[in-house]
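Chain and residue survey
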2 protein chains.
Amino acid sequence: MPSMSLFSFAALVSFAALILPRVFAAGVADVDSLTYVWPLPAEFSYGNGTLSVNPGLSLVAEGGGGGSGTIKDAFDRYYKIVFQHNDAFSILNAFGRRSKTAGFDINKLRVIVHSKDEGLQLGVDESYSLSVPTKDGNSIAGEAVIEANTVYGALRGLETFSQLCTFDFGTKTVLVRKAPWYIKDKPRFAYRGLLLDTSRHYQPIEVIKHIIDSMSFAKLNVLHWHIIDEQSFPLEVPTYPKLWQGAYSRWERYTVEDAYEIVNFAKSRGIHVMAEVDVPGHAESWGKGYPQLWPSSSCREPLDVSNNFTFDLISGMLSDMRKIFPFELFHLGGDEVNTDCWTFTPRVHRWLQSHNMTGKDAYTSFVLKAQQIAISKGWTPVNWEETFNNFPEKLDRRTVVHNWLGPGVCPKVVNSGLRCIFSNQGVWYLDHLDVPWDKVYTAEPLEGITDPSKQKLMLGGEVCMWGETADPSNVLQTIWPRAAAAAERLWSKWESIPTANLNKTVLPRLHYFRCLLNTRGVQAAPVTNAIARSQPQGPGSCYYQ
Amino acid sequence: MPSMSLFSFAALVSFAALILPRVFAAGVADVDSLTYVWPLPAEFSYGNGTLSVNPGLSLVAEGGGGGSGTIKDAFDRYYKIVFQHNDAFSILNAFGRRSKTAGFDINKLRVIVHSKDEGLQLGVDESYSLSVPTKDGNSIAGEAVIEANTVYGALRGLETFSQLCTFDFGTKTVLVRKAPWYIKDKPRFAYRGLLLDTSRHYQPIEVIKHIIDSMSFAKLNVLHWHIIDEQSFPLEVPTYPKLWQGAYSRWERYTVEDAYEIVNFAKSRGIHVMAEVDVPGHAESWGKGYPQLWPSSSCREPLDVSNNFTFDLISGMLSDMRKIFPFELFHLGGDEVNTDCWTFTPRVHRWLQSHNMTGKDAYTSFVLKAQQIAISKGWTPVNWEETFNNFPEKLDRRTVVHNWLGPGVCPKVVNSGLRCIFSNQGVWYLDHLDVPWDKVYTAEPLEGITDPSKQKLMLGGEVCMWGETADPSNVLQTIWPRAAAAAERLWSKWESIPTANLNKTVLPRLHYFRCLLNTRGVQAAPVTNAIARSQPQGPGSCYYQ
């Protein structure tokens, strides 16, 4: 009966498909040598106990900063995450059950914040300790404790605590396994960024907030908001109210209030917002409202270097933006400047000649003038690496250089005494969809920098979500899970990050974190797709796709 | 200078790219003949006035059902949507501005609900009227009014009101344009469904809630929850506690409390949850916990027809589910049954012989037994069309037949006196990614049914989001915007739905609705992609991509 044996074979294949993944998935949490907290804390120890967490978990806030609304709000957010499987419904009675109301091991979360200063500067203390002790002998624990110098350290501790809590479907209880836990944690780099481009596609406020929330889950702490580019100018600038006529439409815009709301929303998650105004290139959309910014109506980029109005406008714009963006770093772009429009437009060409400048001289001059404008407003300028590659000595000594073109740039930058942010496009540009997770994971900002005094000049790194093909429908699934790979690199101790056997030492943890993002409503894509953000190839568990 | 003219040409192309979309986008709302409410209300009139809406908008609830928490909660949700551009921040002062606090046209939203009965039956009255009058003469309006017989009608009215409100970036005010509005609205079909498959990929509770919320924006009203299939069994069944051992992993599960929460969440949006238990095929995962359900360990589907345990288990399972799912329709599947496993497994084969049954007889018998079990629990059975195609006369007369294989089935079903749901896979299967929006839009459930008494047997239709390649990362962008095309077909009057020139009469409205979903945080994909849910092909506005 050939059809019979064929059928049996199909059934066997089906059997394997049904069973094997489950074994693997179970294995995810059974690998005791792995710790399912992402990113991995700097120092930690654990035991082999299991503690239950009271659904009536209460917050006990202490210390000079304990009374902060930031802590209370964060506790409420994390409470909803940890207790998303609510058991307080009348349905319980229908099945003859009762909610457990007593006998839990962890009834309080004590959060001690020493400082009441909630200033969010670059390098703000994000360290924390977290202990989840077991009761032993005459211990009266019954609580977990987070201790931090600042509210921002406490926020990181709350995230870690939330990841230790897992819902057990058998007992319908939130459990902390492998207790007791003692964690002392702090980030390796002060700057752990994600670039969001809202010019190639407009991202609504709701989407930006969702992205910020998701960043906090991976302990990323800088939203680099690439607000404006040549395609559209969505931001309101009160002093130059025609600028946002460069938006795609009357609806694809941000008011200053919107921007301010985003900054405050981010701050409540311990996330800086670094705004970018990319000059003099990447600025064609500016001239929709003010055509005098274009060298000519047919040649529109870079911004007209010969016209004082250009710099008056930049100054007025930065004055407006200074009221919205308190973060000390401000990005002035400076990348991909093609000066042909200057040298080919007769009026600008004459101006160059009269100032005895080449196009490159004028580019240098433009960048330096913009730097001084930003500095005069109290900002530290950040520029893309072309500025450093072209005129390293002329950049203001406060400049932070932002790498993107390739490897090996930051070593030169820090050797010259400037600070650097690592975003090598070959590994950390999220719009490069063919870069697999492990290539993102193994990229090392300190590569080629051995001198500890130079290492200090590395602020950190940033993954970049350029928006040409990322709109509100797919931006989150393009960011995640690969941004998480960079986030661990930037947070965790270098010595803790495995360098070999990544499919066993890291991949199960990243699958797990991707699924955690999914349960929190973040559209993180399958981890091991050959092309990022592509669909799962067939039915299966989140824990191995 | 050839490079010069080349550059100019490039600049011109760039100019066109920059300007044309904006003109088009502006045109979206300038086409006065189009009404940007989705789905289109049954009857409406409008004027040419503009009314401002007070950010202090208050709810005035009246009528027997006015005091409902459902209304209050919905008002709060829609308030957040309508006023998402908050202007109450201190940033206003920094720019020398003040919030407008008086002089608004609409200060109150009066919601009158006549009945306090919040029962959510199939065919519940979803009608409402909405008036947004202008002040004229001695009018003292200052309010918009929604009037409905049930809270569910009022919910639909709130959605419509929210779509009339647009944020004007110039005045930073929420406006209702083209006032006064007078709308009388009700759905064309009582059943407007979306199937969600949580077996091929597990969808976390957060994601399911997000989907339910998004359904309410398009006035869809049935979540057909295809909970279980051959790949995984995520649902807890207290009477047979080993069933959810068939889940992909210990975490990819739903407790009965989770399911109940989803039902209640849906109810608060006026959405029914129709659960499905797809028997006897599509049930391999059941046997992970109870292998006796398999004909043999190597031949696992359909469920063993020869074993009383199979029917005892189905009965116990449906008793449990009856406590969770109050909706009167319950889906029993019945599709794609290959009876080889019965006829090839010696034990089952002997049973067939002793009962003088062919495989097909046993399939018929299984479906009918399952129907009687469901009916005995007080449910109306729904079955996929194969049951009707194979034994139309034997089906219980209460059966609702669910079309999927192709066109022309529902006419036969209603002619035989049974009720029908339209889901022709060629047009309304959302996992068919090559079906363009207009093909979804023009599909007509009543096609081939002219007799009004037969038309009444058409409950409506449903778009199906099968989960083989849809997981939490991409399910929303696969559902939207195409589900909206079906939603308008199912809600709006047949006479109002354009049949020609769709790119002018409908497409701008669908673009607009897709962007509206985006601003509400729903990952609706570009409308006109050749392959649904694929990325936008380059930078651009939401309003034409």
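Our structure's up above, just so we're on the same page.
Residues numbered from 1 in each chain as written. Chains lettered and ligands numbered in written order. Predicted model: local features only at pLDDT ≥ 70, side-chain atom pairs only at ≥ 80, totals over all residues. Heavy atoms only, no water.

Relative to the elements of secondary structure, Arg300 of chain B occurs in the loop between β11 (272-276) and α7 (308-322). Polar contacts involving the side chain of Arg300 of chain B include one to the main-chain carbonyl oxygen of Ser297 of chain B, which spans 2.8 Å. (Helix = DSSP H or I, 4+ residues; strand = E, 2+ residues; numbered from the N terminus. Polar contact = N/O pair within 3.5 Å; in protein donor to acceptor, adjacent residues only side chain to side chain.)

Contacts between chain A and chain B engage 97 residues on the former and 99 residues on the latter. Carbon and sulfur atoms supply 60% of the area buried between chain A and chain B, which totals about 8,100 Å² over both sides. Contact with chain B buries surface across chain A, with Phe169, Trp251 and Glu257 of chain A losing the most and accounting together for 10% of the total. The tally of links from chain A across to chain B stands at six salt bridges. A salt bridge links Asp471 of chain B to Arg514 of chain A; the shortest N-O distance between them is 2.7 Å. At the junction of chain A with chain B, the criterion picks out 23 residue pairs in polar contact (both at pLDDT 80 or more). Elements represented by at least two residues in the side of chain A that touches chain B include exactly α1 (2-30), α3 (91-94), α5 (205-217), α6 (256-267), α8 (340-344), α16 (475-479) and α19 (507-519) of chain A. In terms of residues, the side of chain A that touches chain B owes the most to one element, α1 of chain A, which gives 13 residues. In terms of residue class, the side of chain A that touches chain B is made up of 44 nonpolar, 28 polar and 25 charged. (Contact = heavy atoms within 4.5 Å. Buried area = accessible area lost by both parts, 1.4 Å probe. Salt bridge = Lys/Arg side-chain N within 4 Å of Asp/Glu carboxyl O. Nonpolar A, V, L, I, M, F, W, Y, C, P; charged D, E, K, R; others polar.)

Going through the model one piece at a time under the given rule, you end up with 58 aromatic pairs over all chains. Centre to centre, the rings of Phe169 of chain A and Trp244 of chain B are 5.9 Å apart; their planes meet at 80°, and the pair counts as edge-to-face. Here Phe169 of chain A is found in the loop between β6 (165-168) and β7 (173-179), whereas its partner Trp244 of chain B is found in the loop between β10 (222-226) and α6 (256-267) on a different chain. Phe169 of chain A gets classed as buried once you look at its relative accessible area, which sits at 5%. Residue classification places Trp244 of chain B among the buried positions, given a relative accessible area of 8%. Here Tyr240 of chain A and Tyr290 of chain A contribute two aromatic rings whose centre-to-centre distance is 5.7 Å and whose plane-to-plane angle is 80°, an arrangement assigned as edge-to-face. Of this pair, Tyr240 of chain A sits in the loop between β10 (222-226) and α6 while Tyr290 of chain A sits in the loop between β11 (272-276) and α7 (308-322); the two residues are 50 residues apart in sequence, bridging distant segments of the chain. Here Tyr240 of chain A falls in the buried class, since its relative accessible area comes to 14%. Here Tyr290 of chain A falls in the buried class, since its relative accessible area comes to 8%. One Lys or Arg, Arg269 of chain A, reaches over the ring of Phe265 of chain A and ends 3.8 Å from the middle of that ring. Over the face of the ring belonging to Trp294 of chain B we find Arg300 of chain B, whose NZ or CZ atom lies 3.7 Å from the ring centre. (Phe/Tyr/Trp six-rings, centres within 6.5 Å; stacked < 30°, edge-to-face > 60°. Buried < 20%, exposed > 50% of the residue type's maximum accessible area, 1.4 Å probe, protein only. Lys NZ or Arg CZ within 6 Å of the ring centre and 35° of its normal.)

Another point: the relation of the copies chain A and chain B. In screw terms, the move from chain A to chain B is a rotation of 180° and a rise of 0.0 Å along the axis, fitting with an RMSD of 0.0 Å. These values place the two chain copies in the arrangement generated by a two-fold rotation axis. No C-alpha of chain A approaches the rotation axis more nearly than that of Asn474 of chain A, which lies at 3.9 Å. Comparing interface residues between copies, 100% of those in chain A also sit at the interface in chain B, which points to an isologous, same-surface contact. (Least-squares fit on C-alpha atoms with pLDDT ≥ 70 in both.)

Let us look at the pairing of strand β15 (residues 419-422) of chain B. Successive side chains on a regular strand alternate, one facing one side of the sheet and the next facing the other. Residue and element names in this part refer to chain B. Judged from the three bridges that link them, strand β14 (residues 400-402) and β15 form a sheet pairing that is parallel. Paired with Val400 across the bridge in β15 is Arg419. Once the chain exits β14 it traverses helix α12 (residues 409-415) before rejoining the sheet at β15, and the crossover so formed is right-handed. Here β15 pairs with strand β16 (residues 458-465) via three bridges, running parallel. Bridged to Ile421 within β16 is Gly460. (Pairing = 2+ DSSP bridges. Right-handed = clockwise from strand over helix to strand, strands pointing away.)

All names here are of chain B. Viewed as axis vectors pointing N to C, α7 and helix α10 (residues 359-376) meet at an angle of 30°, and their least axial separation amounts to 10 Å. Here α7 and α10 pass one another in a crossing that is right-handed. Facing α7, whose interface residues are Thr310, Phe311, Ile314, Ser315 and Leu318, α10 presents Phe366, Lys369, Ile373 and Ala374. Per-class residue counts for the contact of α7 with α10 are six nonpolar, two polar and one charged. (Axes fitted to C-alpha atoms, helices over the stretch in contact; angles between N-to-C directions. Left-handed = near helix turned anticlockwise from the far one by under 90°.)

Looking now at the pattern of salt bridges. Residues and elements named next belong to chain A. In this structure the tally under the stated criterion is 42 salt bridges over all chains. Between Arg200 and Asp197 there is a salt bridge; the shortest N-O distance is 2.9 Å. The same class applies to Arg200 as to Asp197, namely buried. Salt bridges sharing partners connect three or more residues here, namely Asp197, Arg200, Asp229 and Glu468.

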